[in-house]
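Close look at the chain arrangement
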Amino acid sequence: MALAHGEKLMGKSSPLVTDCTVVRTKLSAFEDGEVSPAWRSEIEAHLANCSACQQAITDLRRLWLDLEDGIPPRPRSNFTQAVMSKITEESGPGFLNWMHVFSSMFPAPATMAVMVVFGLFIGGWMGRTVMEDTLISATPQEQATTLAAMDVFAPIPRGSLAEGYLVLVSYAPQVKQ
Amino acid sequence: MLLVGEGDKFAFSCLVNRHQDTVFRFIYRFFGKEEEANDLAQEVFLRIWRFSKKYKPTSQFTTWLYILTVNVCKRESQSLWRRHISLIGSFWISGNSGAPEFPAHTPSPEDAVIHAEQSRLVLDAIESLPPNQRLALLLRRYEELSYQEISAVIGCSVSAVDALLVRAKAQLQKKLVPPKK
């Protein structure tokens with residue numbers, strides 16, 4: 001890439017570097033070659049006389065070397081073919097294109113919306129089917145059995161410990177009197 | 001690139017061949033996972049194909065390529081879905097959960113162990129940086145872009161790039177360089 005560098009960092013004013021704290025904030029840009037010639041010579045002059053800042057820049061250089069990440073990874077061997085087959089798929093029917101654009105814009109929300117709509121549809125259909133099968137088209141005896149069985153979903157089912165407790169509580173004031 | 005804009009698939013396949021390594025490695029270093037890097041690199045090239053008609057050769061193609069790559073990385077790292085998955089994953093997997101996957105083709109077993117260990121440390125340290133610092137560091141260290149170019153790719157000022165790099169380097173020094181006795 002050969003963009004013009006334009007104005008170098010910190011190239012606006014004539015520097016008078018004496019303070020280590022000022023130099024330390026500029027060392028990163030200095031090491032990257034992103035300071036103006038005036039600042040560069042000032043920092044170099046400071047470094048010649050300051051062992052602490054020399055150590056700081058040595059540490060920066062060592063860090064840069066440490067960032068070498070060994071094995072250069074490579075993409076899959078069929079990477080180009082995979083990309084080409086995808087662009088061939090994309091130039092398919094318009095509806096599929098629209099779906100792809102939508103899902104790539106909102107991947108998670110689109111999936112969740114589809115799942116919610118599907119869940120509502122299935123839930124509604126199953127509820128309707130069960131009601132029709134068990135209550136509407138059943139004999140009165142079967143209806144009574146079904147309703148009794150549904151009692152297990154009540155907060156206090158008949159014959160349960162909870163019902164026994166409530167009965168006891170309702171008797172408690174009478175015992176005191 | 002102009003041919004690609006006209007829908008020339010052969011020109012596009014040449015472009016993919018030429019730039020796939022750059023895009024893949026950048027994303028691999030950003031996320032530390034080979035499989036994910038492959039998928040997202042594909043996404044970058046699909047975007048190039050989709051937006052090729054809008055491309056105007058006012059700036060270098062590589063700058064545009066980096067902008068698209070960075071946008072894909074940013075979008076992926078901000079994705080709610082991804083954050084939830086990694087949150088769930090952090091409960092399930094222990095020990096070397098953060099360890100990146102390494103390519104199978106290695107020079108020798110000893111080299112592989114040394115390189116893998118070094119790569120794991122470096123990638124883990126880079127992955128611990130906030131996304132913008134990570135982007136700036138990768139563009140500077142591995143892509144060797146100038147501050148001006150990085151500012152154009154990330155979309156911030158040159159001084160902001162400097163600040164990002166200063167913070168990133170300081171944080172990496174804490175993680176990678178052992179403390180002096």
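Residues numbered from 1 in each chain as written. Chains lettered and ligands numbered in written order. Predicted model: local features only at pLDDT ≥ 70, side-chain atom pairs only at ≥ 80, totals over all residues. Heavy atoms only, no water.

Topic: the nonpolar core
- Residues A:Leu27, A:Leu67, B:Phe12, B:Ile27, B:Phe45, B:Ile48 and B:Leu139 are the most contacted members of the largest nonpolar core, which totals 71 residues.
- With eleven residues, helix 2 (residues 9-31) of chain B is the largest single contributor of residues to this core.
- Counting only domains with at least three residues in this core, you end up with domain 1 (1-86) and domain 2 (109-181) of chain B.
- If near-sequence neighbours (up to four positions away) are discounted, B:Phe45 is found in contact with A:Phe79, A:Val83, B:Phe12, B:Leu15, B:Val16, B:His19, B:Gln20 and B:Val23. (Core = buried A, V, L, I, M, F, W, Y, C linked by side-chain atoms within 4.5 Å. Buried < 20%, exposed > 50% of the residue type's maximum accessible area, 1.4 Å probe, protein only. Helix = DSSP H or I, 4+ residues; strand = E, 2+ residues; numbered from the N terminus. Domains from an automatic or database assignment. Contact = heavy atoms within 4.5 Å.)

Some remarks on helix 4 (residues 61-78) of chain B
- Along its 18 residues, helix 4 of chain B runs 26 Å from first to last C-alpha, staying within 8% of the 26 Å computed at 1.5 Å per residue.
- Listed in full, the buried residues belonging to helix 4 of chain B are B:Phe61, B:Thr63, B:Trp64, B:Leu65, B:Tyr66, B:Leu68, B:Thr69, B:Val70, B:Val72, B:Cys73, B:Glu76 and B:Ser77. (Expected span 1.5 Å × (residues − 1).)

A look at a nonpolar patch on the surface
- There is a patch of nonpolar side chains on the surface, built from A:Leu147, A:Met150, A:Val152 and A:Phe153 and spanning about 470 Å² of accessible area.
- By the element assignment, A:Phe153 lies in the loop between helix 7 (140-149) and helix 8 (161-176). (Patch = residues over 30% accessible without salt bridge, like charges linked within 9 Å, V, L, I, M, F, W, Y side chains within 5 Å. Areas by Shrake-Rupley, 256 points an atom, 1.4 Å probe, with all protein chains shown as cover. Salt bridge = Lys/Arg side-chain N within 4 Å of Asp/Glu carboxyl O.)

A word on the packing of aromatic side chains
Residues and elements named next belong to chain B.
- With the rule as written, the count across this model stands at six aromatic pairs over all chains.
- For the pair Phe 24 and Tyr 28, a centre-to-centre distance of 6.0 Å together with 15° between the ring planes defines the contact as stacked. Of the two residues, Phe 24 and Tyr 28 both sit in helix 2, four residues apart, roughly one turn of that helix.
- Look at Phe 24 and you get buried, because its relative accessible area is 0%.
- For the pair Phe 61 and Trp 64, a centre-to-centre distance of 6.1 Å together with 55° between the ring planes defines the contact as tilted. Note that Phe 61 and Trp 64 are positioned in helix 4 at a spacing of three residues, about one turn of the helix. (Phe/Tyr/Trp six-rings, centres within 6.5 Å; stacked < 30°, edge-to-face > 60°.)

Here we look at the packing of helix 4 (residues 79-90) of chain A against helix 3 (residues 34-51) of chain B
- Put simply, helix 4 of chain A and helix 3 of chain B touch, their axes get as near as 10 Å, and they point 50° apart. Taken as axis vectors, helix 4 of chain A and helix 3 of chain B run oblique relative to one another. Helix-helix and strand crossings are classified by hand; for helix 4 of chain A and helix 3 of chain B the assignment is right-handed. Contacts between helix 4 of chain A and helix 3 of chain B pair A:Phe79, A:Ala82, A:Val83, A:Lys86, A:Ile87 and A:Glu90 from the former with B:Asn38, B:Ala41, B:Gln42, B:Phe45, B:Leu46, B:Trp49 and B:Arg50 from the latter. (Axes fitted to C-alpha atoms, helices over the stretch in contact; angles between N-to-C directions. Parallel < 35°, antiparallel > 145°, perpendicular 65-115°, else oblique. Left-handed = near helix turned anticlockwise from the far one by under 90°.)

Considering the confidence of the model for chain B
Residue and element names in this part refer to chain B.
- For chain B, per-residue confidence averages 80 on the pLDDT scale, and residues scoring 70 or more make up 78% of the total.
- Every residue in residues 89-104 scores below 50 in pLDDT, and together they form 20 contacts with partners more than four places removed in sequence or on other chains.
- The complex prediction reports pTM at 0.64, with the ipTM value standing at 0.72. (pLDDT = per-residue confidence, 0-100.)

Focus: unusual backbone geometry
- For B:Glu144, which is not glycine, the phi dihedral falls at a positive 55°.
- One can find B:Glu144 in the loop between helix 7 (131-141) and helix 8 (147-154).

As for the environment of B:Gly7
All names here are of chain B.
- As for its placement among the helices and strands, Gly 7 is situated in the loop between helix 1 (2-5) and helix 2.
- On the accessibility criterion, Gly 7 (40% relative accessible area) is partly exposed.
- Each C-alpha atom of the pair Gly 7 and Arg 50 lies 9.8 Å from the other, and the pair is 43 residues apart in sequence.

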